[in-house]
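Take a look at the letters that make up each chain.
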Amino acid sequence: MPHHDHCAHHGHHHELVIEGLCVHYRQIVALEDISFATSCGNRVALIGPNGAGKSTLLKAIAGLVPRHAGSILWRGTAVKKWSREFAYLPQREEVDWSFPITVRGLVEMGRFPQVGWWRRFSPQDDEAVSSAIDAMGLSDLAERQIRELSGGQQQRTFLARSIAQEAHVLLLDEPFTGLDRNASRSLAELLGQLSHEGRLVIASHHDLNTAPDLFDEALVLNTRPIAFGLATKVLSPATLDQAYHSEPATNDS
């Protein structure tokens, strides 16, 4: 699939640049000297064993964990300035699916970075929410409680929230885990669609067999970076052997 020449919502081609990123949890080194650059329109896989720092890297980009050192730039400036353009989707087991909220209610939360927590929604906000729900094929489920959804429907609801937010960068933690074959295929098509529209998709992923088909680029890491580049080239037996047989961290998945 050819990539869109510009970022979603803008006629520009924006780049995410990470240089010398280090994250420490007290005395534990979670990430050490991570550096890579990618741009909107790409799907990037984070590949490595349990404890490699994949989840920590996503959270660091999202601004959810502090950096010990290094820089994260988006559009050439500190990522903090553009925080509303980043959407983080946690692992499904980290979400309280019993929380009493409908699909539409969850998607509406994506508008809060745009309008604030206390301002009334405008017709444009309502339209953005409805359009996001429709884009993810959830119109018939809009009033359903999130606890009643299948795993694939739950992932699509979070993606709809990101679309309503008008996020440019989607940070997904193991989005395919626990999905059946049909749901995985549907999610793969949606991520391809979102990247084709100009969004940057970065996701941790554990299935080495499907990664080259699902992602354009891959960062292989085990606390430290091992290789970055086109997924079809980077995910070689030699590189993966280095990642999965080097000394692992013990704090992150």
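(A) Examining the confidence of the model for the protein chain more closely. Overall, the prediction assigns the protein chain a mean pLDDT of 89, with 90% of residues at 70 or greater. At the level of individual helices and strands, the protein chain shows its lowest average pLDDT in helix α3 (residues 112-115), which scores 76, and its highest in strand β3 (residues 43-47), which scores 98. With pLDDT under 50 throughout, residues 1-6 is counted as low confidence; its partners more than four residues away or in other chains account for 18 contacts. Contacts of residues 249-253 to residues separated by more than four positions or lying in other chains number 23 contacts, the stretch itself having pLDDT below 50.

(B) Molecular detail of the pairing of strand β8 (residues 200-204). Extensive coverage of β8 is indicated by the burial of five of its five residues. The alternating pattern of β8 places L200, I202 and S204 and V201 and A203 on opposite faces, both of which are buried. In this sheet, β8 lies alongside β3 in parallel orientation, the contact comprising four bridges. When the bridges of β8 are listed, V44 appears paired with I202. Strand direction decides the pairing type here: strand β7 (residues 169-172) and β8, joined by four bridges, are parallel. Following the sheet pairing, L171 is matched in β8 by I202. In this region the chain leaves β7, passes through helix α6 (residues 181-196) and returns to the parallel neighbour β8; the handedness of that crossover is right-handed.

(C) Here's a closer look at the layout of surface pockets. In this model, the largest pocket occupies a volume close to 290 Å³. If you go around the largest pocket, you meet 14 residues; those closest to its centre are F86, A87, P113, R161 and Q165. Counting only elements with at least two residues in the lining of the largest pocket, the list comes to β6 (86-89), α3 and α5 (151-165). Sorting elements by how many residues they give to the lining of the largest pocket places β6 first, with three residues.

(D) View of the packing of aromatic side chains. All chains considered together, the criterion is met by four aromatic pairs. Between W97 and F158 the ring centres are 5.6 Å apart and the planes differ by 90 degrees, which places this aromatic pair in the edge-to-face class. With W97 in the loop between β6 and α2 (103-108) and F158 in helix α5, the pair connects residues that are 61 residues apart, well separated along the chain. The class of W97 is buried, set by a relative accessible area of 14%. Residue F158 is classed as buried on the basis of its relative accessible area of 7%. With centroids separated by 6.1 Å and ring planes inclined at 65 degrees, the aromatic side chains of F112 and F121 adopt a geometry described as edge-to-face.

(E) Structural context of the sheet that holds strand β9 (residues 217-222). Strand order in the open sheet formed by six strands is β6-β7-β8-β3-β9-β10, and the pairing between neighbours is mixed. Each of the sheet's edge strands pairs with one partner strand only, and the pair in question is β6 and β10 (224-230). Direction aside, neighbouring strands of the sheet carry axes that sit 15 degrees apart on average. Lying on the sheet, α5 is in contact with β6 and β7; it crosses β6 at an angle near 170 degrees.

(F) Seen up close, unusual backbone geometry. Positive phi is not limited to glycine here, since E174 has a value of about 50 degrees. One can find E174 in the loop between β7 and α6. Using a relative accessible area of 11% as the deciding quantity, one classes E174 as buried. Positive phi outside glycine occurs at T223, with the angle close to 70 degrees. Structurally, the position occupied by T223 is in the loop between β9 and β10. A residue is classified by how much of its surface remains accessible, and T223, at 6% relative accessible area, is buried.

(G) Quick look at empty space enclosed by the protein. Under the definition given, this model contains one cavity of 30 Å³ or more. When its volume is computed, the largest cavity comes out at roughly 30 Å³. Partitioning the lining of the largest cavity into residue classes produces six nonpolar, one polar and one charged.

(H) Examining the sheet that holds strand β1 (residues 15-25) more closely. Strand order in the open sheet formed by four strands is β2-β1-β4-β5, and the pairing between neighbours is antiparallel. Looking along the sheet, the strands with just one partner apiece sit at the ends: β2 (28-39) and β5 (77-78). Against the sheet, helix α1 (residues 54-62) makes contact with β1, β2 and β4 (69-74), and its axis sits at roughly 115 degrees relative to β1, the strand it touches most.

Cut-offs used in this document
- Residues numbered from 1 in each chain as written.
- Predicted model: local features only at pLDDT ≥ 70, side-chain atom pairs only at ≥ 80, totals over all residues.
- Heavy atoms only, no water.
- pLDDT = per-residue confidence, 0-100.
- Helix = DSSP H or I, 4+ residues; strand = E, 2+ residues; numbered from the N terminus.
- Contact = heavy atoms within 4.5 Å.
- Buried < 20%, exposed > 50% of the residue type's maximum accessible area, 1.4 Å probe, protein only.
- Pairing = 2+ DSSP bridges.
- Right-handed = clockwise from strand over helix to strand, strands pointing away.
- 1 Å grid on protein atoms, 1.4 Å probe; cavity = no way out; pocket = protein on both sides within 12 Å on 5 of 7 lines; lining within 4 Å.
- Points joined across faces, edges and corners; volume = space filled by probe spheres on them.
- Phe/Tyr/Trp six-rings, centres within 6.5 Å; stacked < 30°, edge-to-face > 60°.
- Axes fitted to C-alpha atoms, helices over the stretch in contact; angles between N-to-C directions.
- Nonpolar A, V, L, I, M, F, W, Y, C, P; charged D, E, K, R; others polar.

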